[in-house]
Amino acid sequence: MKRIFDFIVSIFAIIVFCIPIIITAIVVKTTIGSPVFFRQRRPGLNGKPFYIKKFRTMTNDLDSNGRLLPDEERLTRAGKIIRKLSLDELPQLFNVLKGEMSFVGPRPLLMEYLPLYNEEQARRHEVRPGITGWAQVNGRNAIEWEDKFKLDVWYVDNQSFLLDMKIILLTIGKVFKSEGVSKEGQATTDKFTGNQEEKISNDG
């Protein structure tokens, strides 16, 4: 039933948001350049990889050693506005249409994080990843990784149609208020490096 809802609503949403999608694409093309879309391999349902699509908000500028500059230095002025309004997420409607994502679920993170999860945290992959989720309406990038994962697993255990509707409505409010877009002192959030407490106990 959730997949049917995702399929029907994603088609409707793509039609409704076609003008913002086109305008955002033009803005990205003129301010950042090509490619317009950011495409990256992410873990989906049961950890199966897929390619997530987002509008680019950063340049590919490198330092003197040929490495990418920090996110905060590559994030453009237009990119900040696009992120603030969550317009960068619109291409993910096509991921939902294809069945790679859902409207609601744990956010798809990086493939390199998979071996860093403990057994409980890995349960976030028992459902399709989402454009928004329980962690996004309870702090988004402003909360710590461990708290995000607890919220993700709570969603896995308590998911329902009514909860999804609640999360979607709360997400709309968060977008208008631009809450939790980034962690303090970061362009987005810091990198997940594993569970520090477990590392300390294992090393000790």
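It should be noted that the structure appears before, not after, this text.
In this text the structure is predicted, and so the values were computed from the model without any measurement.

J.: I tried to follow the overall build of the protein on my own but got confused; where do I start?
T.: If you tally the helices and strands in the protein, you get eight helices and four strands. Going residue by residue from the N terminus, the α and β elements of the protein occur as α-α-β-β-α-α-α-β-β-α-α-α. Within the protein, buried positions represent 44% of all 204 residues. Surface accessibility of the protein: about 11600 Å² in total, with carbon and sulfur atoms responsible for 60%.

J.: How should the pairing of strand β1 (residues 37-43) be read in this particular structure?
T.: The side chains of a regular strand alternate between the sheet's two faces. The sheet contact formed by β1 and strand β2 (residues 49-55) spans seven bridges and is antiparallel. Residue Pro43 lies in a different strand from β2, and its bridge partner there is Pro49. What sits between the antiparallel neighbours β1 and β2 is a turn of five residues, in which Asn46 has the positive phi angle 60°.

J.: Looking at this model, I keep getting lost on a nonpolar patch on the surface. Mind explaining?
T.: A cluster of nonpolar residues, Ile4, Phe7, Ile8, Ile11 and Ile15, forms a patch on the protein surface that exposes about 490 Å² of accessible area. Positionally, Phe7 belongs in helix α1 (residues 2-16).

J.: Sorry, what's going on with the pattern of salt bridges here?
T.: Should their charged atoms come close, side chains of opposite charge can pair. Counted according to the given criterion, the structure contains 12 salt bridges. For Lys54, the salt bridge goes to Asp88, with nearest N and O atoms at 3.7 Å. In this pair, Lys54 sits in strand β2 while Asp88 sits in the loop between α4 (77-84) and α5 (92-98), placing the two residues 34 residues apart along the sequence. The pair Lys54 / Asp88 is uniform in exposure class, with both members buried. As a salt-bridge pair, Arg124 and Asp152 come within 2.8 Å of each other at their nearest N and O atoms. Within this pair, whereas Arg124 is found in the loop between β3 (102-104) and β4 (130-132), its partner Asp152 is found in helix α6 (residues 145-158), the two being separated by 28 residues in sequence. Each member of the pair Arg124 and Asp152 is classed as buried.

J.: Looking at this structure, how should I read the packing of α6 against helix α7 (residues 161-177)?
T.: When two helices pack together, their arrangement is given by the angle between the helix axes and by the axis-to-axis distance. At their nearest, the axes of α6 and α7 sit 10 Å apart, and the two run at 140° to each other. Compared by their axis directions, α6 and α7 come out oblique. Packed against α6, whose contacting residues are Trp154, Tyr155 and Asn158, the element α7 presents Leu163, Asp164 and Ile167 at the interface. When the residues that make up the contact of α6 with α7 are grouped by side-chain class, the tally is four nonpolar, one polar and one charged.

J.: When you look at α7 in this model, what are you seeing that I'm missing?
T.: Note: α-helices contain 3.6 residues per turn, so residues at a spacing of three or four share the same orientation. Here α7 is 17 residues long and its end C-alpha atoms lie 25 Å apart, about the 24 Å a rise of 1.5 Å per residue gives. If you check which residues of α7 are buried, you get Leu163, Asp164, Ile167 and Thr171. End-on, the buried residues of α7 take up no more than an arc of 95°, which puts them together on one face. Looking at α7, the residues exposed on the side facing more than 90 degrees away from the buried face are Leu162, Leu169, Phe176 and Lys177. Those residues of α7 that are buried lie in contact with α1, β3, β4 and α6.

J.: Any chance you could explain the nonpolar core here in plain terms?
T.: Across soluble globular proteins, you tend to see nonpolar side chains buried next to one another. Residues Leu93, Trp134, Tyr155 and Ile167 are the most contacted members of the largest nonpolar core, which totals 27 residues. Contributing elements (two or more residues each) for this core: α1, α2 (18-31), β2, α5, β3, α6 and α7. Setting aside its immediate chain neighbours within four residues, Leu93 contacts Ser10, Ala13, Ile14, Phe17, Phe103 and Ile131. Counting six residues, the second-largest nonpolar core is a separate cluster that includes Leu109, Tyr117, Phe149 and Phe192.

J.: Help me understand the side chain of Gln136, please; the structure alone is not making it clear to me.
T.: When you line up the elements, Gln136 lands in the loop between β4 and α6. Not counting the four nearest positions on each side in its chain, Gln136 is found in contact with Gly105 and Arg107.

Cut-offs used in this document
- Residues numbered from 1 in each chain as written.
- Predicted model: local features only at pLDDT ≥ 70, side-chain atom pairs only at ≥ 80, totals over all residues.
- Heavy atoms only, no water.
- Helix = DSSP H or I, 4+ residues; strand = E, 2+ residues; numbered from the N terminus.
- Buried < 20%, exposed > 50% of the residue type's maximum accessible area, 1.4 Å probe, protein only.
- Areas by Shrake-Rupley, 256 points an atom, 1.4 Å probe, with all protein chains shown as cover.
- Pairing = 2+ DSSP bridges.
- Patch = residues over 30% accessible without salt bridge, like charges linked within 9 Å, V, L, I, M, F, W, Y side chains within 5 Å.
- Salt bridge = Lys/Arg side-chain N within 4 Å of Asp/Glu carboxyl O.
- Axes fitted to C-alpha atoms, helices over the stretch in contact; angles between N-to-C directions.
- Parallel < 35°, antiparallel > 145°, perpendicular 65-115°, else oblique.
- Contact = heavy atoms within 4.5 Å.
- Nonpolar A, V, L, I, M, F, W, Y, C, P; charged D, E, K, R; others polar.
- Expected span 1.5 Å × (residues − 1).
- Arc of directions from axis to C-beta.
- Core = buried A, V, L, I, M, F, W, Y, C linked by side-chain atoms within 4.5 Å.

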